[in-house]
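# Examining the three-dimensional arrangement
Chain by chain, the residues:
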Amino acid sequence: MAEATASRTRLIFILPALVFFVLAVLFLVQLTSGRNPADLPSALLNKPVPTFNLAPLEGLTADGKPVPGFSNEDLKGRVTIVNVFASWCAPCRQEHPLLVELARDPSVRLVGINQRDNPDNARRFLGALGNPYSAVGVDPNGRASIDWGVYGVPETFIVGPDGMIRHKHIGPLTPENLDAFREKLRQIPRA
C-alpha cells in the first residue's frame, strides 16, 4: 500500500512538469517556425465578400460632398482595399499615414469600415489625420465585421474586381510589411 501511495505522489509531481515541458516545446516550435502570426488563414479567401450594406458616417465630407457608405455590390469592378478601423484603436492611428499613401495609387480604391465607434470620434479621427477613404461604412454593432471574419481592428483586405477576397492582413500595416502588402496588390489582376 505504501508503495502505491509513493507512486501516486511521484506522479503528482511528474505530471505537471511533463505538461509544462510539452507546452514549452510547442511554444518553441511556433516561435522558431518563421511563420508570421499575422498570416492567419481566412476561410473567406478566394470567396465572394459577404453580403452587407453599410450606412455612411454621418457628417463626413470630402471636397464639400458627403462621403458615401458602401455595400458588397460596390466592391466589384476594380481592385479595392477594405480597411476596418476605429478611432479608439491605437494601431489604427499608427497605420493611418500608410493608408493615406496607398490611397494615392489610382489603380486601387480604398474604403473603410468604421467598427463599433462613436460617429463624432470617427469624424474627428479622420479630420485630424486625413481621410484616405473614398467611402466609409459604419458598422455600429460589429455585425458586418464578424461576417468579414475580423478578429480585431485594424484589419485590411484586398478585394479583386470580381468581388472576391484575395488577401487578408491582420493587424496594422507598418513600414516593415507595406512592401509585402503592395506585392499582394500587384498580384491581383485588374478589371
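Keep in mind that this is a model prediction, so the values were computed, not measured. (Residues numbered from 1 in each chain as written. Predicted model: local features only at pLDDT ≥ 70, side-chain atom pairs only at ≥ 80, totals over all residues. Heavy atoms only, no water.)

### Considering the side chain of Thr-156
Position of Thr-156 relative to the elements: it lies in strand 8 (residues 155-159). Judged by relative accessible area, Thr-156 falls into the buried class, the value being 0%. Only 2.9 Å separates the side chain of Thr-156 from the side chain of Asn-83, close enough to count as a polar contact. Once residues within four sequence positions are removed from consideration, Thr-156 is found in contact with Ile-81, Val-82, Asn-83, Glu-95, His-167, Lys-168, His-169, Leu-173 and Phe-181. (Helix = DSSP H or I, 4+ residues; strand = E, 2+ residues; numbered from the N terminus. Buried < 20%, exposed > 50% of the residue type's maximum accessible area, 1.4 Å probe, protein only. Polar contact = N/O pair within 3.5 Å; in protein donor to acceptor, adjacent residues only side chain to side chain. Contact = heavy atoms within 4.5 Å.)

### Topic: the nonpolar core
In this structure, Leu-75, Val-82, Leu-102, Leu-126, Val-136, Trp-148 and Leu-185 are the most contacted members of the largest nonpolar core, which totals 43 residues. Of all the secondary structure elements, the ones that give two or more residues to this core are strand 5 (80-85), helix 2 (90-103), strand 6 (109-115), helix 3 (119-129), strand 7 (135-139), strand 8 and helix 5 (178-186). Ignoring sequence-local partners within four residues, the contact set of Leu-102 consists of Ile-81, Val-108, Leu-173, Leu-178, Phe-181, Arg-182 and Leu-185. (Core = buried A, V, L, I, M, F, W, Y, C linked by side-chain atoms within 4.5 Å.)

### Some thoughts on the confidence of the model for the protein
When pLDDT is averaged across the protein, the result is 89; 82% of the residues are at 70 or more. Note that residues 34-38 has pLDDT below 50 and, in this model, 3 contacts with residues that lie over four places away or in other chains. (pLDDT = per-residue confidence, 0-100.)

### A short note on the packing of helix 2 against helix 3
Two packed helices can be described by the angle between their axes and the distance between those axes. Orientation of helix 2 relative to helix 3, taken along the N-to-C sense of each, is 50°, at an axis distance of 11 Å. When the axis of helix 2 is compared with that of helix 3, the two are oblique. Here helix 2 runs over helix 3; the crossing is right-handed. Note on element contacts: helix 3 touches helix 2 through Phe-125, Leu-126 and Leu-129, opposite Cys-92, Arg-93, His-96 and Val-100. (Axes fitted to C-alpha atoms, helices over the stretch in contact; angles between N-to-C directions. Parallel < 35°, antiparallel > 145°, perpendicular 65-115°, else oblique. Left-handed = near helix turned anticlockwise from the far one by under 90°.)

### Topic: the side chain of Gln-115
Mapped onto the elements of the fold, Gln-115 is located in strand 6. Overall, Gln-115 belongs to the buried group, its relative accessible area being 10%. Within polar-contact distance, the side chain of Gln-115 engages the side chain of Ser-145 at 3.2 Å. Apart from residues lying up to four places away in sequence, Gln-115 is in contact with Val-84, Phe-85, Ala-86, Trp-88, Asp-139, Gly-142, Ser-145, Val-150 and Val-153.

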